Amino acid sequence: MTEQALAVEGLRVGYGRVEAVRGVDFVVPAGSLVTLVGANGAGKSSIINAISGVVRPRGGRILFEGRDITRTPAHRLVRDGLVQVPEGRQVLATLTVEENLLLGGWHTGRGGIAEVYDRFPVLGERRRSLAGTLSGGEQQMLAIGRALVARPRLILLDEPSMGLAPLVVDEVFAVIGEIRAAGTTVVLVEQNARRALRAADHGYVLASGEIVHSGPAAELLADERVVQAYLGVET
Ligand SMILES: Nc1ncnc2c1ncn2[C@@H]1O[C@H](COP(=O)(O)OP(=O)(O)OP(=O)(O)O)[C@@H](O)[C@H]1O
Ligand SMILES: [Mg+2]
C-alpha cells in the first residue's frame, strides 16, 4: 500500500451560511504532485486553509502521514513539516527579504535560509531589500522560499502562478518541479488547470465545493467532458 502523505475525508468548510466545501475526499501519496483545479469560488482555498490549520473545518477529518491533524494549529503543523504558500503570496512588504524568510523558519534557524538562497540566488542578492520592492515573480519566489525554510515534507501551493507573466509562470512551474524532484510532496491549487494538470500525477476537479471529476492528470486532460466543462479553451 502506498504511504499517504495526506488524506482528506468528508471535509466540510463554511462561513456563516455559505457552504464552501461540501464533503470532499482525496488522498495525496507521499512524493506525488496532486492538483485541485476549479473556477473562482469552487472552494480551493478553503480546502487548503483547512488543511494548513488556518480555517477550522465544520466536519470531516484530515490525516497527515496517518496522524489526525484536523484540529492541530497552523504553527504546530509548520514545525511538523506541513507548510502552506498562501494565495496572493502574502509577503510582508515593509520587512526585508531576509526578515520574511526568518518568519518562515524560526525553528530551522539560518540553515534553512542558506538553502533558500542557494535555490533562489536573486533572493540572496536582494536579502536586504524590502519585500514590497520585489517584482511579482520575485515575491512569489520569496513566498515559496519562506515555506521551504521550514523544510516541509508536504507543501500546499495556492495559485502560485496567479497574476504573473507567462515567462515567470514557466519559472514558477520549474521551481515546483524541482521541489517535487527533491522528494517533497506537493498539493497545487490552480485556476490555470491545464498547466497544473500537465505538472501533476493526479488531479481533482472541484465545482461548488464538491469534487466532480478525479483521476490521473493525463486522463483528465484527455477527457473531453472535463476539458469542455472545466478547462475552457486553450490559451
Ligand atoms: N472568509 C470568508 N467569509 C465568507 N465567505 C467566504 C470566505 N472565504 C471564502 N468564502 C466563500 O466560500 C466560497 C469558496 O471560496 P474559496 O476562496 O475557497 O474559493 P477558491 O476556489 O479558492 O476561489 P478563487 O479561485 O477565487 O481563489 C466562495 O463562495 C467564497 O465567497
Ligand atoms: Mg482561492
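What comes next is a walk through the structure. (Residues numbered from 1 in each chain as written. Chains lettered and ligands numbered in written order. Predicted model: local features only at pLDDT ≥ 70, side-chain atom pairs only at ≥ 80, totals over all residues. Heavy atoms only, no water.)

**Here's the deal with the side chain of Ser-161**
With respect to the helices and strands, the residue Ser-161 is situated in the loop between strand 7 (154–158) and helix 7 (166–181). Residue Ser-161 is classed as buried on the basis of its relative accessible area of 7%. Ignoring any residue separated from it by four or fewer positions in sequence, one finds Ser-161 in contact with Val-169, Phe-173, Glu-190 and Asn-192. (Helix = DSSP H or I, 4+ residues; strand = E, 2+ residues; numbered from the N terminus. Buried < 20%, exposed > 50% of the residue type's maximum accessible area, 1.4 Å probe, protein only. Contact = heavy atoms within 4.5 Å.)

**Brief notes about the pairing of strand 2 (residues 18–29)**
Pairing geometry for strand 1 (residues 4–15) and strand 2, over 9 bridges, is antiparallel. Following the sheet pairing, Gly-14 is matched in strand 2 by Glu-19. Turn length for the strand 1-strand 2 hairpin, with the two strands adjacent in sequence and antiparallel, is 2 residues, and the turn residue Gly-16 shows positive phi of about 55°. (Pairing = 2+ DSSP bridges.)

**Let's talk about the sheet that holds strand 8 (residues 185–190)**
Strand order in this open sheet of 6 strands is 6-7-8-3-9-10, and the pairing throughout is mixed. Edge strands, defined here as strands with exactly one partner in the open sheet, are strand 6 (82–85) and strand 10 (210–216). Between one strand axis and the next, the sheet turns by 15° as a mean value, whatever way the strands run. Contacting strand 6 and strand 7, helix 6 (residues 136–148) crosses the sheet at an angle of about 170° to strand 6. (Axes fitted to C-alpha atoms, helices over the stretch in contact; angles between N-to-C directions.)

**Some words on the coordination of the magnesium ion (ligand 2)**
With distances of 2.0 Å, the protein atoms coordinating the magnesium ion (ligand 2) are Ser-45 (OG) and Glu-87 (OE). Taken together, the positions of Ser-45 in helix 1 (residues 44–51) and Glu-87 in the loop between strand 6 and helix 3 (97–104) put the pair 42 residues apart, joining distant regions of the chain. Glu-87 gets classed as partly exposed once you look at its relative accessible area, which sits at 32%. (Donors = N, O, S within 2.8 Å, 3.2 Å for Na, K, Ca; no water.)

**A word on the environment of Leu-6**
Topologically, Leu-6 is positioned in strand 1. Sequence spacing of Leu-6 and Ile-179 is 173 residues, and the spatial spacing of their C-alpha atoms is 17 Å. Leaving out residues up to four positions away in the same chain, Leu-6 has contacts with Phe-26, Val-27, Val-28, Ile-51, Ile-62, Leu-63, Leu-154 and Val-187.

**A closer look at the site of ligand 1**
Residues in contact with ligand 1 amount to 14 residues; listed here are only the nearest, Gly-41, Lys-44, Ser-45, Ser-46 and Glu-87. Contacts to ligand 1 include Asn-40, whose side-chain N or O atom sits 2.8 Å from an oxygen atom. Note that an oxygen atom of ligand 1 is positioned 2.8 Å from one of the backbone N or O atoms of Gly-41. In the complex, the protein chains occlude 61% of the 630 Å² of accessible area that ligand 1 would expose alone. Of all the secondary structure elements, the ones that give two or more residues to the shell around ligand 1 are strand 2 and helix 1. Class assignment for the residues of the shell around ligand 1 results in 5 nonpolar, 6 polar and 3 charged. (Near = heavy atom within 4 Å. Polar contact = N/O pair within 3.5 Å; in protein donor to acceptor, adjacent residues only side chain to side chain. Areas by Shrake-Rupley, 256 points an atom, 1.4 Å probe, with all protein chains shown as cover. Nonpolar A, V, L, I, M, F, W, Y, C, P; charged D, E, K, R; others polar.)

**What to know about the packing of helix 3 against helix 4 (residues 109–119)**
Between helix 3 and helix 4, the shortest axis-to-axis distance is 9 Å and the interhelical angle comes to 125°. Classified by the angle their axes make, helix 3 and helix 4 are oblique. Along this stretch, helix 3 crosses helix 4, giving a crossing that reads as right-handed. Residues Glu-98, Leu-101 and Leu-102 of helix 3 form the contact with helix 4, whose participating residues are Arg-110, Ile-113, Val-116 and Tyr-117. Looking at the contact of helix 3 with helix 4 residue by residue, the class counts come to 5 nonpolar, no polar and 2 charged. (Parallel < 35°, antiparallel > 145°, perpendicular 65-115°, else oblique. Left-handed = near helix turned anticlockwise from the far one by under 90°.)

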